[in-house]
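Each chain, written out:
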Amino acid sequence: MVGNVPVGGGAPITVQSMTITKTADVEGTLQQIYGLAAAGADIVRCTCNEVEAAEGLAQIVPRSPVPIVADIHHQHRMALAALEAGVQCLRLNPGNIRKPEHIKLVAQECRDRGIPIRIGVNGGSLDPALYEKHGGKVTPEAMVESAQQELAYFAEVGFEDVKISVKASSVPLMIEAYRQLAEVTDHPLHLGVTEAGPLPGGLLKATAGISTLLAEGIGDTIRYSLTADPVEEARAGRQLLEALGLRERKNIDLIACPSCGRAEIDVIGVAAEAQAAFGEREIPLQVAVMGCVVNGPGEARDADLGIAAGRRRGHLFVKGRNVAVVPEDEMVPTLVEWAEFIHEHGVEAAVARVDTEKAAREAEKDRAALLAEQGADANASEQKVDLIHKRVEG
Ligand code: SF4
C-alpha cells in the first residue's frame, strides 16, 4: 500500500507522476498535485533534496488528494526527514545512496513505520562498481543485480515492503531489464522509460516500453517521464491504461476516422473542436467523429455516440442507430449535449426523445445522394489508375 492506494497483488495498475515545483513551495506544489490527480495520477512523487523540501512535505502530505512519494537523491538523512514529514513512500536510488549502513538505517525506519520503499534503479546512475563489473556498460543484468543488492540489504533488517523499477532511456534495454527482473522477484514493479524526452517522441518511447511489458503481464504501476507539463504524464498514463482495458474509462474516449476522399467535413478540425469541448469532463463514453455518412455510422457502430457528416448536415447516431440530423455548425455542441444526457439518464431515455425512423430516413437520403455523386470509388483511384496507364503507355 502506498497510503490508501494498493500496488501489486492483482490491484488495478496505477498511474504515477512527479511534481516539477520546488517542494518548499507548498502552495505551488499542492496546486500541481491537484492538477496531476485530476488528470489521472493515483500517486505523486515530490523531490526531497534539502531540508526546506522536507519541511514543505510536512505541510503538503496532509493536504494532498493522493499519496506522496519522496524522491531521495544522495543523502540518506533526507529519507529520514521525509519519513518525519509523513510521506507514504520513499524512492531510493541504489546508485546514489551506497553505504550499507545508511541503506539499512532507512529500511529499519520504514519497517518500524510501515512505509514502503521503491528501489529505483536508473541506467544513467548505476552504481559504478556494477558498471565496471558488467564490462563498463549498462546492461539489463547490471540493473537487476543492483536491485537485488538493495533487496539483500533490506532483508538483513527484515524489511520487504518494496516495489522496484529498472528504468533506462533505451527502450529495448529497459524492456529486457524488467523481463529479467520479473523472473527473479515477485515484488510489484514500477515501469517507466527514463528521460523519454519531449512530445511526441517521448510519448512514443514511453508507450512502446510500458505497453510492451504490460501486455506481457509485467508491471503494477507506471510513470511517463516526459519533458513536458507533468499533467501530460498523468494524462498519458491514464489514457494508456484505459486503452489497454486495464482501468475503467473516466473521461470521453474520442475516436475519429482518419478522413479520406469521401469526407464531407474537416474531420481533423471537428475532432479537435470536440476534444476541446469535452476537455477533462468525467463522462465515460466513447464518442465518434466520422467524416461521412456513407461509412461513418457503420464503422463506428460500437461507439456510444457519434456524428457523421453528409451534405452540410451532421447525422447523430447512438450505438449505431440514427437519432437526429443537425446543421454542420451544431455538430459539436449537439454531441456534448447528447453525451451529457446519456451519461445522466442512459441510452434508452436519450433515444426516446426523438423519432429515430425519421433520422434514419434522412441519413439514408444523404448516403444515397453521396454515393450517387461520388460512386463507390470516392478517392477516384480507378480514374487515376487509367491516367497512370495512359502516361506510362504513351
Ligand atoms: S469513408 Fe467516411 S468515415 Fe471512412 S475514412 Fe472516409 S470520410 Fe471517414
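Residues numbered from 1 in each chain as written. Predicted model: local features only at pLDDT ≥ 70, side-chain atom pairs only at ≥ 80, totals over all residues. Heavy atoms only, no water.

### Observations concerning the environment of N96
For N96, the position within the fold is in the loop between β4 (89-92) and α4 (100-113). Residue classification places N96 among the partly exposed positions, given a relative accessible area of 21%. Residues N96 and Q75 lie 21 residues apart in sequence; the distance between their C-alpha atoms is 8.3 Å. Beyond its immediate stretch of four places on either side in the chain, N96 contacts H73, H74 and S125. One polar contact links N96 to H74, side chain to side chain, over a distance of 3.5 Å. (Helix = DSSP H or I, 4+ residues; strand = E, 2+ residues; numbered from the N terminus. Buried < 20%, exposed > 50% of the residue type's maximum accessible area, 1.4 Å probe, protein only. Contact = heavy atoms within 4.5 Å. Polar contact = N/O pair within 3.5 Å; in protein donor to acceptor, adjacent residues only side chain to side chain.)

### Remarks on helix α15 (residues 381-393)
Helix length check: α15 (13 residues) gives 18 Å between terminal C-alpha atoms against 18 Å at 1.5 Å per residue, within 8%. Taken across its 13 residues, α15 has zero buried, putting it largely on the surface. Where α15 terminates, the next one or two residues include G394, which has phi positive at roughly 70°. (Expected span 1.5 Å × (residues − 1).)

### Structural notes on helix α6 (residues 140-156)
Relative to the 24 Å expected for 17 residues at 1.5 Å per residue, α6 spans 25 Å between its end C-alpha atoms, a close match to the ideal helical length. All buried positions along α6 are accounted for by P140, A142, M143, V144, E145, S146, A147, E150, L151 and F154. The secondary structure elements touched by the buried residues of α6 are β4, α4, β5 (117-122), α5 (128-133), β6 (162-167) and α7 (171-184). Directly after α6, the chain includes G158, whose backbone phi takes a positive value near 70°.

### A look at the sheet that holds strand β9 (residues 253-256)
A sheet is described by the order of its strands in space; here five strands give the open sequence β9-β10-β11-β12-β13, paired in mixed fashion. Of all strands in the sheet, those bounded by a partner on one side alone are β9 and β13 (321-327). Mean inter-strand twist for the sheet, computed between neighbouring axes without regard to direction, equals 20°. Bridge count for β9 against strand β10 (residues 286-290) is four bridges, and the pairing is parallel. Across the sheet, I255 pairs through a bridge with A288, a residue of β10. Of the strands in this sheet, β10, β11 (305-310), β12 (313-318) and β13 are in contact with helix α12 (residues 331-345), which crosses β11 at around 160°. Against the sheet, helix α14 (residues 356-374) touches β11, β12 and β13, its axis set at about 70° to β13. (Pairing = 2+ DSSP bridges. Axes fitted to C-alpha atoms, helices over the stretch in contact; angles between N-to-C directions.)

### Focus: the pattern of salt bridges
For the structure on display, the rule yields 28 salt bridges. When the shortest N-O distance is used, the salt bridge between D112 and R111 registers 3.0 Å. Take D112: its relative accessible area is 58%, and that puts it in the exposed class. Residue class for R111 comes out partly exposed when judged on its relative accessible area of 35%. (Salt bridge = Lys/Arg side-chain N within 4 Å of Asp/Glu carboxyl O.)

### Regarding the sheet that holds β6
In spatial order, the strands read β6-β5-β4-β3-β2-β1-β8-β7; together these eight strands make up an open sheet with parallel pairing. Strands with a single pairing partner mark the edges of an open sheet, and in this sheet they are β6 and β7 (190-191). Summarising the sheet, β4 and β5 pair through three bridges and their orientation is parallel. Paired with L90 across the strands is I117, a residue of β5. Helix α1 (residues 26-39) contacts β1 (14-18), β2 (43-47) and β3 (68-72) of the sheet and is inclined by roughly 150° relative to β2.

### Here we look at the environment of P94
Here P94 shows up in the loop between β4 and α4. Given a relative accessible area of 5%, P94 falls into the buried group.

### Regarding the packing of aromatic side chains
The tally for this structure, following the rule as stated, stands at one aromatic pair. Plain terms: the ring middles of F154 and F159 are 5.4 Å apart, the flat faces sit at 75° to each other, and that makes the pair edge-to-face. When the ring centre of W338 is taken as origin, the NZ or CZ atom of R353, which lies over that ring, is 4.4 Å away. Sitting over the face of the ring of F341, R353 holds its NZ or CZ atom 3.9 Å from the ring centroid. (Phe/Tyr/Trp six-rings, centres within 6.5 Å; stacked < 30°, edge-to-face > 60°. Lys NZ or Arg CZ within 6 Å of the ring centre and 35° of its normal.)

### Section: the nonpolar core
The biggest cluster of nonpolar side chains holds 76 residues, and the ones touching the most others in it are L57, I68, I72, L90, F154 and I222. Counting residues per element, this core draws most heavily on α7, at seven residues. Dropping the residues within four chain positions of it, I72 is found in contact with C48, M78, A79, A82, L90, R91, L92, N93 and I97. Counting 39 residues, the second largest nonpolar core, distinct from the first, contains I265, L285, A303 and I307. (Core = buried A, V, L, I, M, F, W, Y, C linked by side-chain atoms within 4.5 Å.)

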